[in-house]
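# Commentary on secondary and tertiary structure
Here is what each chain is made of, one letter per residue.
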Amino acid sequence: MPLNFFSPHKLAVKAMVRAQEGFKEEAIDLFEQAGNYDRDTVPGRQCMASALILKKEFDKANVFLESVQDYLTGDDIFNWNYGLSLAASGIVKKQKRSYFK
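The structure reproduced in this document is the subject of the present report. (Residues numbered from 1 in each chain as written. Predicted model: local features only at pLDDT ≥ 70, side-chain atom pairs only at ≥ 80, totals over all residues. Heavy atoms only, no water.)

## Re the packing of aromatic side chains
Inspection of the entire model under this criterion finds one aromatic pair. For the pair F78 and Y82, a centre-to-centre distance of 5.6 Å together with 25° between the ring planes defines the contact as stacked. Linking F78 with Y82, this pair stays in helix α5 (residues 76–88), spanning four residues, or about one helical turn. (Phe/Tyr/Trp six-rings, centres within 6.5 Å; stacked < 30°, edge-to-face > 60°. Helix = DSSP H or I, 4+ residues; strand = E, 2+ residues; numbered from the N terminus.)

Take a look at the structure:
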């Protein structure tokens, strides 16, 4: 059986597609694979946060999202997702700041 080598970026794209198709468990696994491979990078931390959000572990996801917030403050999609994660974990004051950047 041939080995399949995937870059973290390819794994992340595949995870997003699988999540859109409704294959949540597979998407979680792929996000975790990409995040574990690239853990100390912004995309790697976003992948870990995505896996945790799909698991509805918002408090843990917020830790990863907060660690990359300084790099992505101008990114509307990041601010939206971070705000949703904060709101889901009950942190409303920070959530409002995330939406109005």
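Anyway, onward from the coordinates.
## Concerning helix α3 (residues 42–54)
Between its first and last C-alpha atoms α3 spans 18 Å; for 13 residues at 1.5 Å apiece the expected length is 18 Å, and the two agree. For α3, the set of buried residues is G44, C47, M48, A49, A51 and L52. As for α3, its buried residues are in contact with α1 (8–20), α2 (24–37) and α4 (58–68). Of the residues flanking the start of α3, the one acting as N-cap is T41, its side-chain oxygen 3.1 Å from the backbone nitrogen of G44. (Expected span 1.5 Å × (residues − 1). Buried < 20%, exposed > 50% of the residue type's maximum accessible area, 1.4 Å probe, protein only. Contact = heavy atoms within 4.5 Å. Polar contact = N/O pair within 3.5 Å; in protein donor to acceptor, adjacent residues only side chain to side chain.)

## So, the nonpolar core
In this structure, M48, A49, L52, A61, F64, L65, V68, L72, F78, Y82 and L86 together form the largest nonpolar core, which totals eleven residues. Of all the elements in the fold, those that place two or more residues in this core are α3, α4 and α5. Take this core: its biggest share by element is four residues, from α4. Ranked by size, the runner-up nonpolar core spans nine residues in total, among them L11, I28, F31 and C47. (Core = buried A, V, L, I, M, F, W, Y, C linked by side-chain atoms within 4.5 Å.)

## Considerations on the pattern of salt bridges
Close approach of charged atoms lets side chains of opposite charge pair. Evaluation of the coordinates by the stated rule reveals five salt bridges. Note that E26 is salt-bridged to R18, the shortest N-O span being 3.1 Å. Its relative accessible area of 32% is what places E26 among the partly exposed residues. Across the salt bridge formed by K55 and E32, the nearest N and O atoms sit 2.5 Å from each other. In this pair, K55 sits in the loop between α3 and α4 while E32 sits in helix α2, placing the two residues 23 residues apart along the sequence. (Salt bridge = Lys/Arg side-chain N within 4 Å of Asp/Glu carboxyl O.)

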